[in-house]
Amino acid sequence: MAVDTPGEATTADDEITATSVAGAIRVAVPEKGLRQDARAAAIVWRRELLRFKADRLRMVSSLIQPVLFLLVLGTGLSSLASHGMPPGVSFRTFIYPGVLAMSVLFTSMFSAGSIVWDREFGFLREMLVAPVSRSAIVVGKCLGGATVATIQGIVILILAGLADVPYDPVMFLVLIGELLLLSFTLTAFGVMMAARISQMQAFMALTQMLVMPLFFLSGALYPLNRLPAWLTVLTRIDPLTYIVDPMRSAVFSRLSLSPRAVSVLSPGVTWDGWRVPAGLSLGMVAAMGAIMLAVAIAEFSKTE
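So, a few notes on the structure that sits alongside this text. None of these values were measured; they are calculated from a predicted model.

The next thing to look at is the overall build of the protein chain. Counting its secondary structure elements, the protein chain contains 13 helices and two strands. Counting every position in the protein chain, which comprises 304 residues, the buried fraction comes to 43%. Across the protein chain, the fraction of contacts at a sequence separation of at least 24, relative to all contacts at a separation of at least 6, is 80%. Here the protein chain displays about 15700 Å² of accessible surface, and carbon together with sulfur accounts for 69% of that area.

Counting 65 residues, the largest nonpolar core has Tyr96, Leu100, Leu175 and Val191 as its most contacted members. Those elements giving two or more residues to this core turn out to be helix 3 (56-76), helix 5 (91-121), helix 7 (134-158), helix 8 (169-194), helix 9 (200-216), helix 11 (241-252) and helix 13 (278-301). Those residues in contact with tyrosine 96 that sit more than four places away from it in its chain are Leu70, Ile156, Leu157, Ala160, Ala163, Val165 and Val251.

This part takes up the pattern of salt bridges. Under the defined criterion, the tally for this structure stands at three salt bridges. The partner of aspartate 164 in a salt bridge is arginine 92, and the shortest N-O contact between them spans 3.8 Å. With aspartate 164 in the loop between helix 7 and helix 8 and arginine 92 in helix 5, this pair connects stretches of sequence that are 72 residues apart. Taking the relative accessible area as the measure of exposure, arginine 92 reaches 19% and is therefore buried. Linking aspartate 168 and arginine 254 is a salt bridge whose minimum nitrogen-to-oxygen distance equals 3.2 Å. Note that aspartate 168 is positioned in the loop between helix 7 and helix 8 and arginine 254 in the loop between helix 11 and helix 12 (259-265), a separation of 86 residues in sequence.

Once that is clear, we can look at a nonpolar patch on the surface. Where nonpolar side chains cluster on the molecular surface, the patch consists of Val60, Ile64, Leu68, Leu71, Val72 and Leu162 and spans about 510 Å² of accessible area. As for its position among the elements, valine 60 is in helix 3. Accessibility expressed as a relative area gives 52% for valine 60, which makes it exposed.

Turning our eyes to something else, we now look at helix 11. For an α-helix, the turn length of 3.6 residues means that residues three or four places apart are oriented alike. The end-to-end C-alpha distance of helix 11 is 16 Å, a good match for the 16 Å that 12 residues give at a rise of 1.5 Å each. Along helix 11, 11 of the 12 residues are buried, which leaves the element largely enclosed by surrounding structure. All buried positions along helix 11 are accounted for by Thr241, Tyr242, Ile243, Val244, Asp245, Pro246, Met247, Arg248, Ala250, Val251 and Phe252.

Evaluated as defined, the whole model comprises six aromatic pairs. Here tyrosine 242 and tryptophan 271 contribute two aromatic rings whose centre-to-centre distance is 6.3 Å and whose plane-to-plane angle is 65°, an arrangement assigned as edge-to-face. Of this pair, tyrosine 242 sits in helix 11 while tryptophan 271 is found in strand 1 (residues 270-271), placing the two residues 29 residues apart along the sequence. A residue is classified by how much of its surface remains accessible, and tyrosine 242, at 4% relative accessible area, is buried.

The next thing to look at is unusual backbone geometry. In this structure, arginine 226 is a non-glycine residue whose phi angle is positive, near 60°. Relative to the assigned elements, arginine 226 resides in the loop between helix 9 and helix 10 (229-236). The class for arginine 226 is exposed, based on a relative accessible area of 82%. If you check the backbone angles, aspartate 272 has positive phi at about 55° while not being a glycine. Tracing the chain through its elements places aspartate 272 in the loop between strand 1 and strand 2 (274-275).

Turning our attention to the packing of helix 7 against helix 8. One can describe the packing of helix 7 onto helix 8 by two numbers: an axis separation of 8 Å at closest approach and a directional angle of 140°. Between helix 7 and helix 8, the angle falls in the class oblique. Note on packing geometry: the crossing formed by helix 7 with helix 8 is right-handed. Listed contacts from helix 8 to Val138, Lys141, Cys142, Leu143, Gly145, Ala146, Ala149, Thr150, Gly153, Ile154 and Leu157 of helix 7 are Phe172, Leu175, Ile176, Leu179, Leu180, Ser183, Phe184, Thr187, Ala188 and Val191. Taken together, the residues of the contact of helix 7 with helix 8 sort by class into 15 nonpolar, five polar and one charged.

Criteria and thresholds
Residues numbered from 1 in each chain as written. Predicted model: local features only at pLDDT ≥ 70, side-chain atom pairs only at ≥ 80, totals over all residues. Heavy atoms only, no water. Helix = DSSP H or I, 4+ residues; strand = E, 2+ residues; numbered from the N terminus. Buried < 20%, exposed > 50% of the residue type's maximum accessible area, 1.4 Å probe, protein only. Contact = heavy atoms within 4.5 Å. Areas by Shrake-Rupley, 256 points an atom, 1.4 Å probe, with all protein chains shown as cover. Core = buried A, V, L, I, M, F, W, Y, C linked by side-chain atoms within 4.5 Å. Salt bridge = Lys/Arg side-chain N within 4 Å of Asp/Glu carboxyl O. Patch = residues over 30% accessible without salt bridge, like charges linked within 9 Å, V, L, I, M, F, W, Y side chains within 5 Å. Expected span 1.5 Å × (residues − 1). Phe/Tyr/Trp six-rings, centres within 6.5 Å; stacked < 30°, edge-to-face > 60°. Axes fitted to C-alpha atoms, helices over the stretch in contact; angles between N-to-C directions. Parallel < 35°, antiparallel > 145°, perpendicular 65-115°, else oblique. Left-handed = near helix turned anticlockwise from the far one by under 90°. Nonpolar A, V, L, I, M, F, W, Y, C, P; charged D, E, K, R; others polar.

Coordinates in, geometry out; function isn't part of it.
Encoded structure:
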């Protein structure tokens, strides 16, 4: 008759215990679906808001440049620009829509740049291995960046009185909607760039190389008429042009100006003499945002 030794009995008991535990424990992995992806996008969106709320230095520093442009540059150039401005309009009023666009421009790009930080510290990999589609992570990131940037833009909206712009509720609602559209498109653009950049220094250098030309070519600081041919071409291929013009039209429609003054200061974007409607301009910006979002999702869908 075979007798089990104490060591063999212990080994057999361990195997039985391990088998029992493995059978009892079940790893609950949620199934992929639209509801799960929406929840993941909401979590990423909320994370962006919490990060922005915790970084007070970022909130203050991102407002310095727009305020400097509005108060210092706008006031300093008022005497020089007054010779070409219609009566009753200051240079601060003219550049106010462009300053609004600037207030969300840098914030959107910096929000998208946090992806590079997440990649360097390993947090991005943890998000990408989660049982949710990567498109939900990208959408949440873009919505979070757009929300944060729009909040920054609303702060500049509150300063409208400093630019002699009336506090009109309808105008404010229109401008907030346009700021949200611009913020989403810019954040999608930044996420698309950050998808394959592994160092923050490289992302910041690329941002500086692209952001300032986009701003200066948008017509934020000068009217879009009577420009040299080469500059006219550059302003027409700048995506930011097609959001600054509707914003300026929304502001100038609430000012008591003659039709001639409006035609001089807000001539609109024209293609070979045909003025592009504001609806088409906004539609183009929305389409560009959707395209860049799709490219960003495609980039993140590749193996990280």
